[in-house]
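# Structural overview
As a plain string of letters, each chain reads:
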Amino acid sequence: MRNLEQLLGMGKTVEFTIDESLTWREDREMEMLELASTSGLCAHVFHIAYDLIQPFLSESEVSVVTEANVRHVAPIRVGETVAMGVKILGVTDNKIKIRGVVMRGETKILEVEFVRAVVSRNYLRRAALEKTT
């Protein structure tokens, strides 16, 4: 593991157009409104953080989300474009605390604070095999 302290304060923002794969589908009537799901938006924010962190890790390491606190504050429809950003708030041992936000112009759509833990790829492989055998 490289010195993760280098990540402190770093951030990344990307523009993203909400596509139909993010449609909230839990309620048939609401599905017709073509609103984005909380879980889909979070997945994209988590991935932005993954892309920011991964270059700082060795090939034998990966970062995984271990906890998250989400506030979905405004609806967003499929087809709309948003800015998704992350910022590294803290680094303690193998844990990286991150804040993510999704904005449409000046309107906050979603905010999430989450932790990505740096773990061994081999550990995850072993754990996955133990669970399936």
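The numbers attached to residues start from 1 for each chain and follow its sequence in the written order. Owing to the predicted nature of the model, reporting of local features is limited to residues with pLDDT of at least 70; listing and counting of side-chain atom pairs is limited to 80 or more, with chain, interface and lining totals taken over all residues. Excluding hydrogens and water, the side-chain figures rest on all heavy atoms present in the structure.

## Quick notes on the sheet that holds strand 2 (residues 61-72)
Any two strands with at least two DSSP bridges between them are considered paired. Helix numbering and strand numbering both begin at the N terminus, where a helix is a DSSP run of H or I of at least 4 residues and a strand a DSSP run of E of at least 2. What the 5 strands build is an open sheet, ordered 1-3-4-5-2; its pairing is antiparallel. In the strand order of this sheet, the two ends are held by strand 1 (11-17) and strand 2, each with one partner. Sheet twist, expressed as the average angle between the axes of neighbouring strands with direction ignored, equals 25°. Sheet topology note: the strand 1/strand 3 (residues 81-92) ladder contains 7 bridges and is antiparallel. Counted as the bridge partner of G11 is K87 from strand 3. Any two residues whose heavy atoms approach within 4.5 Å are treated as being in contact. To get an axis, a line is fitted to the C-alpha atoms, and for a helix only the part in contact is used. The angle between two axes follows their N-to-C directions and goes from 0 to 180 degrees. Sitting on the sheet, helix 2 (residues 38-53) is in contact with strand 1, strand 2, strand 3, strand 4 (95-104) and strand 5 (107-120), with an inclination near 50° to strand 5.

## Quick look at the environment of V62
Inspection of the secondary structure puts V62 in strand 2. Remark: exposure states derive from per-residue accessible area (1.4 Å probe, protein chains only) relative to the maximum for the residue type, with buried under 20%, exposed over 50%, and partly exposed in between. On the accessibility criterion, V62 (9% relative accessible area) is buried. Along the primary structure V62 and R121 are separated by 59 residues, whereas in three dimensions their C-alpha atoms are 6.2 Å apart. V62 has contacts with Y50, Q54, L57, A117, V118, V119, R121 and L124, leaving out every residue within four places of it along the chain.

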